[in-house]
Amino acid sequence: MLKMSKMATPPIMDPHTANILICYLLYKIDKPVRVNHLYDIAVGSDIINYFAYQDSIAYLTEHDSVELRRKDDETEYYVLTENGIRTAKELRNYVGKAYRDKLVSAAFHYFARIKRESEVKINYIPLKKGYYVHVRCLDIGDDLLDMKLYAPDYSQAKYLGEQIMLNPAGFYGKILDAAFSNREEPFELEED
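Residues numbered from 1 in each chain as written. Predicted model: local features only at pLDDT ≥ 70, side-chain atom pairs only at ≥ 80, totals over all residues. Heavy atoms only, no water.

**Student:** An account of the overall build of the protein is requested, with residue identities and associated values reported.
**Tutor:** The helix and strand inventory of the protein stands at 8 helices and 6 strands. The secondary structure elements of the protein, listed N-terminal to C-terminal, are α-α-β-α-α-β-β-α-α-β-β-β-α-α. Against the 2.2 N^0.38 benchmark of 16 Å for 192 residues, the protein shows a C-alpha radius of gyration of 23 Å, more extended than a compact globule. Residues counted as buried form 32% of the 192 residues belonging to the protein. In the structure as shown, the protein presents an accessible area of about 13200 Å², 52% of it carried by carbon and sulfur atoms. (Helix = DSSP H or I, 4+ residues; strand = E, 2+ residues; numbered from the N terminus. Rg over C-alpha atoms; globule rule 2.2 N^0.38 Å. Buried < 20%, exposed > 50% of the residue type's maximum accessible area, 1.4 Å probe, protein only. Areas by Shrake-Rupley, 256 points an atom, 1.4 Å probe, with all protein chains shown as cover.)

Okay, here's the thing in structure tokens:
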């Protein structure tokens, strides 16, 4: 099914279509987006072709649809201007809904992954025999969870880390659930 979806929406090669899609994405997100994040979302997820993306960004910034800004830490962001907002609203139907939905979905998944990676740190510690998967769940500078799990080799350690990163909150919740539902084993007195 996923393969059919990719075939139905091949990467956008036309810069004009990319212009509309980029404006639409920035309009839907409604916040500044880092330069490298926008590239990763559009090109990295195979929605817009690299060359079409480059032409589109150049056009949009030159024609005042998207503005490049810098934060205090020198990080560069793209911000949608009034002209870009008009483009997103008035021309969105010139691009298929499948492309619009796919791009917005890719953005939400991308930002969710970045958030997970900032809240959960995983390191692989080599041992004489195997690896520790060191998992830290962070919350505003404090560790909510700091634990090590053993894996017999690096590939299994890496797999374990990847599975945790799919849903770190679920992993943390299951750990807490196990801790709170843990009961002392019943002691049964048997009569002889």
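**Student:** So what's going on with the environment of phenylalanine 51? Which residues, and what values?
**Tutor:** Counting through the fold element by element, phenylalanine 51 comes out in helix α4 (residues 50–62). Separated by 36 residues in sequence, phenylalanine 51 and proline 15 have C-alpha atoms that sit 8.1 Å apart.

**Student:** I'd like to hear about unusual backbone geometry, residue by residue, with values.
**Tutor:** One can expect most non-glycine residues to show negative phi and most peptide bonds to be in trans. One non-glycine residue, aspartate 30, lies in the positive phi region at around 60 degrees. Here aspartate 30 is to be found in the loop between α2 (15–29) and β1 (33–34). Among the residues examined, aspartate 30 registers a relative accessible area of 64% and is labelled exposed. Although it is not a glycine, aspartate 46 adopts a positive phi angle of roughly 60 degrees. You can see aspartate 46 is positioned in the loop between α3 (35–42) and α4.

**Student:** Tell me about the sheet that holds strand β2 (residues 66–70), residues and numbers included.
**Tutor:** Strands sit in the order β1-β3-β2 across an open sheet of 3 strands; the sheet is antiparallel. Two strands bound the open sheet, and with one partner strand each, they are β1 and β2. By the bridge criterion, 5 bridges tie β2 to strand β3 (residues 76–80) in an arrangement that is antiparallel. By the bridge assignment, arginine 69 is partnered in β3 with tyrosine 77. (Pairing = 2+ DSSP bridges.)

**Student:** So what's going on with a nonpolar patch on the surface? Which residues, and what values?
**Tutor:** Where nonpolar side chains cluster on the molecular surface, the patch consists of Leu127, Tyr132 and Tyr150 and spans about 270 Å² of accessible area. Looking at tyrosine 132, the relative accessible area reads 30%, which means it is partly exposed. (Patch = residues over 30% accessible without salt bridge, like charges linked within 9 Å, V, L, I, M, F, W, Y side chains within 5 Å. Salt bridge = Lys/Arg side-chain N within 4 Å of Asp/Glu carboxyl O.)

**Student:** Explain the nonpolar core residue by residue, including any values.
**Tutor:** By size, the foremost hydrophobic cluster in this structure holds 33 residues, and its most contacted members are Leu21, Ile22, Leu25, Leu38, Ile41, Ile48 and Tyr53. Only α2, α3, α4, β3 and α6 (97–119) provide two or more residues apiece to this core. Residue contributions to this core peak at 9 residues, all from α2. Leaving out residues up to four positions away in the same chain, isoleucine 48 has contacts with Pro11, Ile12, Ala18, Leu21, Ile22, Ala42, Val43 and Tyr53. Core analysis: the second largest hydrophobic core is formed by 11 residues, Ile122, Val133, Val135 and Met165 among them. (Core = buried A, V, L, I, M, F, W, Y, C linked by side-chain atoms within 4.5 Å. Contact = heavy atoms within 4.5 Å.)

**Student:** Tell me what's going on with α3, and back it up with residues and numbers.
**Tutor:** Among all positions of α3, only His37, Leu38, Ile41 and Ala42 are buried. Down the axis of α3, the buried side of the element spans an arc of 120 degrees, and every buried residue falls inside it. Looking at the packing, one finds that the buried side of α3 touches α2, β1, α4, β3 and α6. (Arc of directions from axis to C-beta.)

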